[in-house]
Amino acid sequence: MTEKIILHLDMDSFYASVEVRDNPDLKGLPVVIGADPLEGKGRGVVSTCSYEARTFGIHSGMPISRAFELCPQAVFLKPDMRKYARASESIMSLLREIGGEIEQVSIDEAYMDLSSYLTYENASGHAADIKQEILLQEKLTCSVGIAPSRTYAKIASEYQKPNGLTVISPFDLPGFLSPLPVLTIPGVGKKSAGVLARAGISTIGDIVRTDIQVLQEIFGSHAVRLHEIASGTDREGLRESGPRKSISRDRTFLEDAIDTTVIMEHLNLMVLSLSHELTERRMYSRTIGIRIRNRNFITRTKSVSFMQPVRDARILQKTINSLFAEIWTGEPVRLIGVRCSGLVLLDPVQKTLLDYLPDNEA
Ligand SMILES: [Mg+2]
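Residues numbered from 1 in each chain as written. Predicted model: local features only at pLDDT ≥ 70, side-chain atom pairs only at ≥ 80, totals over all residues. Heavy atoms only, no water.

Novice: Explanation requested: the confidence of the model for the protein in the structure shown.
Specialist: For any part of a model where pLDDT is low, the fine detail of the predicted coordinates should not be relied upon. In this model, the protein carries an average pLDDT of 89, and 93% of its residues clear a pLDDT of 70 or more. Below a pLDDT of 50 lies the segment residues 348-362, which in the model reaches 26 contacts outside its immediate sequence neighbourhood of four places, other chains included. (pLDDT = per-residue confidence, 0-100. Contact = heavy atoms within 4.5 Å.)

Novice: Whenever I open this one, the domain arrangement of the protein confuses me. Can you help?
Specialist: A common way to state how big an interface is: give the accessible area lost once the parts meet. By domain assignment, the protein separates into domain 1 (6-14 + 82-171), domain 2 (19-81), domain 3 (175-231) and domain 4 (246-361). Across the boundary between the two partners, domain 1 contributes 14 residues, which contact 13 residues of domain 2. Summing the contributions of domain 1 and of domain 2, the shared interface buries around 1000 Å²; its carbon and sulfur component is 52%. Counting the surface domain 1 buries against domain 2, the share from its top three residues, Ser13, Lys83 and Tyr84, is 58%. The interface formed by domain 1 and domain 2 holds three salt bridges in total. (Domains from an automatic or database assignment. Buried area = accessible area lost by both parts, 1.4 Å probe. Salt bridge = Lys/Arg side-chain N within 4 Å of Asp/Glu carboxyl O.)

Novice: Please explain the sheet that holds strand 11 (residues 299-310) as it appears in this structure.
Specialist: Strand pairing within a sheet occurs via backbone hydrogen bonds; the two strands may be parallel or antiparallel. Ordered by their spatial adjacency, four strands build an open sheet running 9-12-10-11, and the pairing between neighbours is antiparallel. In this open sheet, the two strands that pair with only one neighbour each are strand 9 (246-257) and strand 11. The sheet shows a mean angle of 15° between the axes of neighbouring strands, direction not considered. Summarising the sheet, strand 10 (residues 283-293) and strand 11 pair through eight bridges and their orientation is antiparallel. Counted as the bridge partner of Ile292 is Arg300 from strand 11. Each of strand 9, strand 10, strand 11 and strand 12 (333-345) touches helix 12 (residues 260-281); the most contacted strand, strand 9, lies at about 160° to it. (Pairing = 2+ DSSP bridges. Helix = DSSP H or I, 4+ residues; strand = E, 2+ residues; numbered from the N terminus. Axes fitted to C-alpha atoms, helices over the stretch in contact; angles between N-to-C directions.)

Novice: Help me understand the pattern of salt bridges, please; the structure alone is not making it clear to me.
Specialist: Opposite charge on two side chains permits pairing when their charged atoms draw close. Evaluated as defined, the whole model comprises 22 salt bridges. A salt bridge links Glu331 to Arg300; the nearest nitrogen and oxygen atoms lie 2.7 Å apart. Residue Glu331 is located in the loop between helix 13 (313-327) and strand 12, and its partner Arg300 is located in strand 11; the two are separated by 31 residues in the primary sequence. Classification of Glu331 by relative accessible area gives partly exposed; the value is 25%. On the basis of relative accessible area, Arg300 is assigned to the partly exposed category, the value being 33%. Sharing partners across several salt bridges, the network here consists of Glu19, Arg21, Asp22, Lys83 and Glu138. (Buried < 20%, exposed > 50% of the residue type's maximum accessible area, 1.4 Å probe, protein only.)

Novice: Before we go on, may I ask you to explain the sheet that holds strand 2 (residues 31-34) in this structure?
Specialist: Strands sit in the order 3-2-4 across an open sheet of three strands; the sheet is mixed. The open sheet has two edge strands with one neighbour each: strand 3 (46-49) and strand 4 (75-77). Taken over all neighbouring pairs, the strand axes of this sheet differ in orientation by 25° on average, direction set aside. Alignment of strand 2 against strand 3, held across three bridges, turns out to be antiparallel. Paired with Val32 across the bridge in strand 3 is Cys49.

Novice: Where do I start with the UniProt feature "active site" (unreviewed entry) in the protein in this structure?
Specialist: In the numbering adopted here, UniProt assigns the feature "active site" (unreviewed entry) to Glu109. With respect to the helices and strands, Glu109 occurs in strand 6 (residues 109-113). The class of Glu109 is buried, set by a relative accessible area of 15%. The residues touching Glu109, leaving out its near neighbours within four places in the chain, are His8, Leu9, Asp10, Met92, Gln104 and Lys154. (UniProt positions renumbered as here; feature names shortened; annotations may be inferred.)

So this is what it looks like as structure tokens:
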């Protein structure tokens, strides 16, 4: 069985970082995004704050009046949601470009399932690439965790914030979890931690060593799940909502490929397999894209959208061939991938071959 490779990406103090990026004068200052503090009389709460503000004890969810008390000299800003949404959109579309299944869980957080084209050996290089691309494109930092389940990936991304990168392989998982405080587990709050502490349980390892009956007395039906997470056996992946929006294939070459015939052969096989899957799902694809990675983990992507959704293998192959010709620089290929996205269920009856030609050839 192949191990799951789940990535969790969380932008660092997102709203505050966007504000600092757009106004460099704020750099290094305590910045608090939230309600108007009105000289300490304001109502409402802190939405996000910069790491500098955190050193004053300010944190999100805290009453804004309390934040003002702790640091009256902080820069207090009202949230500019449109600006944050714009930054979020470009980050998420960058992640979608990279490929794999993605589940966006909030404006600045997403999970990705990279099981099909990563190994735990090359995972950290790939994560570093993603962080670098976001930094180059959006001038923002994020923390990334990679692990065999969504819960562990989230623990990993939290582990070294800000600007962190933590990979926990299945092999290292039990040892990694064992010394961590119980509060590290998402969903275990201060209240549960207090109850556990009174039972002499302070680390995740303590949970593993505790009889399940004792846990059941405290957590009822949640005990089994908690014990599973603590012991490192959880393997929950993405929670897919609704029908799949994309399908993809990729191929990592054991030795970097340079022979065009070999590369084209693999591309054509992947396209055939995608076309077959589309037929099985009774779906069509609006967009097809190619991804080429070189030995330095630099990834190039390019996609094209059709006027009419497509699943015909010949058309997909023709399109992929021209995308390949457009973006391949002739350098050795480490990984190549094809992705069909914008999947739709359609009645195919009235479609003719001509309808399926891409924009630029119609
Ligand atoms: Mg965040």
